[in-house]
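An overview of the molecular structure
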Amino acid sequence: MFHTLGRYILLIQLSFRKPEKFKVYWAEVMREMVSIGVGSMGIISIISVFIGAVATIQVAFQLASPLVPKSTAGSIARDSTILEFSPTISALVLAGRVGSSIASQIGTMRVTEQIDALEIMGVNAPGYLIAPKILAGIVMVPMLVIYSMVLGILGGYLACAITGSIPTSDYIMGLRDGFNPLIIQVALVKALCFGFIITSICAYQGFYTSGGALEVGQSATTGVVYSCIFILFADLVVTSVML
Amino acid sequence: MIEIKDIYKTFGENEVLKGISAVFESGKNNLIIGGSGSGKTTLLKCIVGLHEPTKGDVHFDGQEFTSMTFEERVPIRKEIGMLFQNSALFDSMTVEQNIMFPLNLFTDMSQSEKQDRADFCLGRVNLKDKNKLFPAELSGGMKKRVGIARAIAMEPKYLFVDEPNSGLDPKTSIVIDELINELTQEYKITTVIVTHDMNSVMGIGDHIIFLHQGKKAWEGSNKDIAHTDNQELNDFVFASKFTQAAKEKL
């Protein structure tokens, strides 16, 4: 375990060595941002709307008491969407979509000697392949989480409008009631950590792939599994430290 | 000129290379031959720095390469071109982008100069019209030729070639061999080729070292190979009835 941890730290360190030509690396960062950010918007949209809707309906169901104002359901749905559902569920989905793609892309480059070709040319292969992905991850995952928060709350509104579980005016009142901006900060810190975890762990798994197609698939699976575990662990740590 | 001195390489308990020394001169096709598992590719990877030798040195024109740091190696690496067994072209880039990649990173050429250089390299391997294709759209022989074009893009002093003929038909193999030979002669490149293709050995083998069980078992040229009394080399080169018959005619 310590060997793996040491190798992971060294790889991340190597990734952030001074680039050969900043312009070429910047172009890679932009390409990765489009791939991670724009490429994931579809799945994040679908998940966020449905999770927001389901969360609102379930909270409304559990608070069906004449003693509790109906707007409370809106407040609870807002906090749980912003604090937990949007960052964590989005990150778990992104680990599957983005992480597996990173691990298999780098793994394939390893087994087809493309990484060797980079090294022969004198290119810092971890820097060229991994650093742009990590940078894109820590920028785009928080952006996707903000997007997910908006759609999650919108999903809750749509659920109220369609099912009538609580009146939409109460839902909106609940959204505004007792809002603490700290929850946004917590969600964004989580998103930043998750972005780093997904990209760096999956890149590590891909970079040290050896063998052939079978091992590339195994690396992608391992990368996604470890990313999910560390996302949940980081979720716990950030939540307990910041709240 | 490349000089390797007493190279050893061990993987765990398995000693793959056992004290190999050789000198590879410029303007010559230097071939490393041997059976499967004899250590040819491992030796090549030790020379270019993809593997660190357990013991021994590699000198590029007198500069000791093995003990250099990553940064110190970069100037020498810029003078190295390599053709990999499976070509190792970057899948996400077109043929032209593959060739321009090292130029983008290591030169201050303008876009038009890089374009001209890519066109020249592609012209050199007769693939000028394939510049916009992706590697997946090319045949095996074309990939090898693009690999050669990328390897010569930076005008290398040293060219390393790993199994250039694997997976190719005999006619295409000869085209690739002749291309490597032409480039070696024309630009006075120090070329090191790992192969077990006997057509390459007899056709372009100016200087050959034969590896057997991790040791250098024989050294000479393609002219000497037919008259050697080295048993291991004879068993390797003249393994088939066809090559035995050819030897008898020589």
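Residues numbered from 1 in each chain as written. Chains lettered and ligands numbered in written order. Predicted model: local features only at pLDDT ≥ 70, side-chain atom pairs only at ≥ 80, totals over all residues.

**A look at the overall build of chain A**
Which entries qualify depends on this criterion: Per the convention used, a helix needs a DSSP run of H or I reaching at least four residues, while a strand needs a run of E reaching at least two, with both numbered from the N terminus. With C-beta atoms placed from the backbone, the exposure class of a residue follows from how many other C-beta atoms lie within 10 Å of its own: 20 or more, buried; 12 or fewer, exposed; in between, partly exposed. Contacts here follow a simple rule: the backbone-placed C-beta atoms of the two residues must lie within 7 Å.
Helix and strand counts for chain A stand at 9 helices and 0 strands. Dimensions of chain A, computed from the C-alpha atoms along their principal axes, are close to 70 × 35 × 30 Å. When the 243 residues of chain A are sorted by exposure, 47% land in the buried category. Residue pairs at least 24 apart in sequence account for 87% of intrachain contacts in chain A once pairs closer than 6 positions are excluded.

**Looking at the overall build of chain B**
The line we're drawing: For a compact globule the rule gives 2.2 Å times the number of residues to the power 0.38, and the radius of gyration it is set against comes from C-alpha atoms.
On a plain count of helices and strands, chain B comes out with 10 helices and 10 strands. For chain B, whose C-alpha radius of gyration is 18 Å, the value lies close to the compact-globule estimate of 18 Å for 250 residues. In terms of principal-axis extent, the alpha carbons of chain B reach across some 55 × 45 × 30 Å. Across the 250 residues in chain B, those meeting the buried criterion constitute 42%. Considering only contacts within chain B whose residues lie at least 6 apart along the sequence, 65% involve residues at least 24 apart.

**Topic: the domain arrangement of chain B**
Residues and elements named next belong to chain B. To keep things clear, this is the line we draw: An automatic or database domain assignment is the source of the domain bounds shown. In this classification, the charged set is Asp, Glu, Lys and Arg, the nonpolar set is Ala, Val, Leu, Ile, Met, Phe, Trp, Tyr, Cys and Pro, and all remaining amino acids, among them Gly, are polar.
What the domain assignment reports for chain B is domain 1 (2-79 + 158-249) and domain 2 (89-155). Relative to domain 2, the C-alpha centre of domain 1 lies at a distance of 25 Å. With 10 residues of domain 1 in contact, the opposing surface of domain 2 contributes 9 residues. In terms of residue count, helix α6 (residues 170-187) provides more of the side of domain 1 that touches domain 2 than any other element does, 5 residues in total. Classifying every residue of the side of domain 1 that touches domain 2 gives 7 nonpolar, 2 polar and 1 charged.

**Re the sheet that holds strand β5 (residues 63-64) of chain B**
All names here are of chain B. The cut-off we apply is this: Two strands form a pair only when DSSP identifies at least two bridges running between them. Orientation is described by lines fitted to C-alpha atoms, with helices fitted over the stretch in contact, and by angles between N-to-C directions that extend from 0 to 180 degrees.
Strand order in the open sheet made by the 4 strands is β2-β1-β4-β5, with antiparallel pairing throughout. Two strands close off the open sheet at either side, each with one partner strand: β2 (14-24) and β5. The sheet contact formed by strand β4 (residues 55-60) and β5 spans 2 bridges and is antiparallel. Looking at β5, one finds that Phe60 is bridged to Gln63. Sheet strands in contact with helix α1 (residues 40-48) are β1 (2-11), β2 and β4, and its direction is about 120° off that of β1.

**Some points on the pairing of strand β9 (residues 207-212) of chain B**
Residues and elements named next belong to chain B. In this structure, strand β3 (residues 29-34) lies alongside β9, joined through 5 bridges in parallel fashion. Looking at β9, one finds that Gly34 is bridged to Leu211. Of the pairings in the sheet, the one linking β9 to strand β10 (residues 215-220) comprises 5 bridges and is antiparallel in character. For Ile208, the partnering residue across the bridge sits in β10 and is Gly220.

**Examining the interface of chain A and chain B**
Reports of interface size often rely on the accessible area that becomes lost once the parts have come together. Between chain A and chain B, the residue contacts involve 13 residues of the former and 16 residues of the latter. The dominant element in the side of chain A that touches chain B, judged by the number of residues it contributes, is helix α4 (residues 114-121) of chain A, at 6 residues. Counted by class, the side of chain A that touches chain B contains 5 nonpolar, 3 polar and 5 charged residues.

**What about the sheet that holds strand β6 (residues 80-83) of chain B?**
Residues and elements named next belong to chain B. Judged by pairing direction, the sheet is mixed, and its 6 strands sit side by side in the order β6-β7-β8-β3-β9-β10 without closing on themselves. Edge positions in the open sheet fall to β6 and β10, since each of these has one partner strand only. This sheet shows a mean twist of 20° between the axes of neighbouring strands, independent of strand direction. Across the sheet, helix α5 (residues 140-152) touches β6 and β7 (158-162), and the angle it forms with β6 is around 175°.

**Description of unusual backbone geometry**
Residues and elements named next belong to chain B. With a phi angle near 50°, Glu155 is a residue other than glycine that sits in the positive phi range. Along the chain, Glu155 turns up in the loop between α5 and β7. According to the C-beta neighbour criterion, Glu155 is exposed, with 12 such atoms within 10 Å. Positioned with a positive phi, Gln213 is a non-glycine residue whose angle comes to about 50°. Summarising the element assignment, Gln213 is placed in the loop between β9 and β10.

**Some thoughts on the environment of Phe11(B)**
Residues and elements named next belong to chain B. Looking at where Phe11 falls in the secondary structure, it is placed in strand β1. Judged by local crowding, Phe11 falls into the exposed class, with 10 C-beta atoms found within 10 Å. Separated by 43 residues in sequence, Phe11 and Thr54 place their C-alpha atoms 9.0 Å apart.

**Some details on α1(B)**
Residue and element names in this part refer to chain B. Burial analysis of α1 places 7 of its 9 residues in the buried class, the great majority of the element. Inspection of α1 places Lys40, Thr42, Leu43, Leu44, Cys46, Ile47 and Val48 among the buried residues, and these make up the whole buried set. Phi turns positive, to about 90°, at Gly49, one or two residues after α1.

**Remarks on the confidence of the model for chain B**
Residues and elements named next belong to chain B. To keep things clear, this is the line we draw: Confidence scores per residue from the predictor, reported as pLDDT, run from 0 to 100.
Residues of chain B with pLDDT of at least 70 account for 98%, and the chain-wide mean is 90. Of all helices and strands in chain B, the one with the weakest mean pLDDT is helix α10 (residues 241-249) (70), whereas β1 scores best (95). Among the prediction metrics, the complex's ipTM stands at 0.88, with pTM recorded as 0.89.

**A word on the packing of helix α3 (residues 71-111) of chain A against helix α9 (residues 213-242) of chain A**
Residues and elements named next belong to chain A. Here is the rule: Left-handed describes a crossing whose near helix is turned anticlockwise from the far helix by less than a right angle; the clockwise case is right-handed.
Running from N to C, α3 and α9 point in directions that differ by 145°, and their axes come no closer than 8 Å. Pair α3 / α9 crosses with right-handed handedness. Residues Thr88, Ala91, Leu92, Ala95, Gly96, Gly99, Ser100, Ala103, Ser104, Gly107, Thr108 and Val111 of α3 touch α9, and the partners they reach there are Glu215, Val216, Ser219, Ala220, Gly223, Val224, Ser227, Cys228, Ile231 and Asp235. Counted by class, the contact of α3 with α9 contains 10 nonpolar, 10 polar and 2 charged residues.

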